[in-house]
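# Overview (structure and organization)
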Amino acid sequence: MTELEDEAWVGFLHAHDRIWREVEAGLVPLDVSMAEYSALSLLGRAGRRGMRMSELAKRRVMSTGGFTRMADRLERRGLIERRRAAEDGRGYVAVLTGEGRTLLRKAWRQQYSDLRRLFFDRLDDDDLRDLARVWSRLAPEGDGDR
């Protein structure tokens, strides 16, 4: 790597690690992991229609089996429920329960507060536009709906 490439890569890794750890620590009092938060957040954005389990696993970049185990935990905690997919009846759709929506609102408030302090308040609009452009260029092909 060139010196600039090394500086950019190591900077990304350090910033990601620091921000991730601090955001994760903010979720500890809510008894939710970052992986669980991510799945709950996707379901929150999907609304009351929910999302197919296979799509959730894909977006979480998890194996179907690993995601199913996490979904089992979330369901046991009363945060999600699984229903047969209305379109074809073959697959399952996960939806947030009322308790899941309440927890997600608390987690969103905590995460947004942490992100504001750790990230957004340190960057101006030009920085944010530059980052958005970079992330867009690094997105996998066909991943324009993030």
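Figured I'd write up the structure that's included with this text. Computed from a predicted model, the values in this text were never measured in an experiment.

About the thresholds
- Residues numbered from 1 in each chain as written.
- Predicted model: local features only at pLDDT ≥ 70, side-chain atom pairs only at ≥ 80, totals over all residues.
- Heavy atoms only, no water.
- Patch = residues over 30% accessible without salt bridge, like charges linked within 9 Å, V, L, I, M, F, W, Y side chains within 5 Å.
- Areas by Shrake-Rupley, 256 points an atom, 1.4 Å probe, with all protein chains shown as cover.
- Salt bridge = Lys/Arg side-chain N within 4 Å of Asp/Glu carboxyl O.
- Lys, Arg positive; Asp, Glu negative; His and termini not counted.
- Charge placed at Lys NZ, Arg CZ, Asp CG, Glu CD.
- Helix = DSSP H or I, 4+ residues; strand = E, 2+ residues; numbered from the N terminus.
- Buried < 20%, exposed > 50% of the residue type's maximum accessible area, 1.4 Å probe, protein only.

### Some thoughts on a positive patch on the surface
Judged by side-chain charge, R48, R105, K106 and R109 come together as a positively charged surface patch. Note on placement: R48 falls in the loop between α2 (34-46) and β1 (51-52). Judged by relative accessible area, which is 64%, R48 ranks as exposed.

### Considerations on the pattern of salt bridges
This model, assessed by the stated rule, comprises 13 salt bridges. Linking R77 and E36 is a salt bridge whose minimum nitrogen-to-oxygen distance equals 3.7 Å. Of this pair, R77 sits in the loop between α4 (64-76) and β2 (80-84) while E36 sits in helix α2; the two residues are 41 residues apart in sequence, bridging distant segments of the chain. Residue R77 is classed as partly exposed on the basis of its relative accessible area of 30%. Put simply, D121 and R116 hold a salt bridge, and the shortest N to O gap is 3.7 Å.

All quantities given are derived from atomic positions and should not be read as evidence of function.
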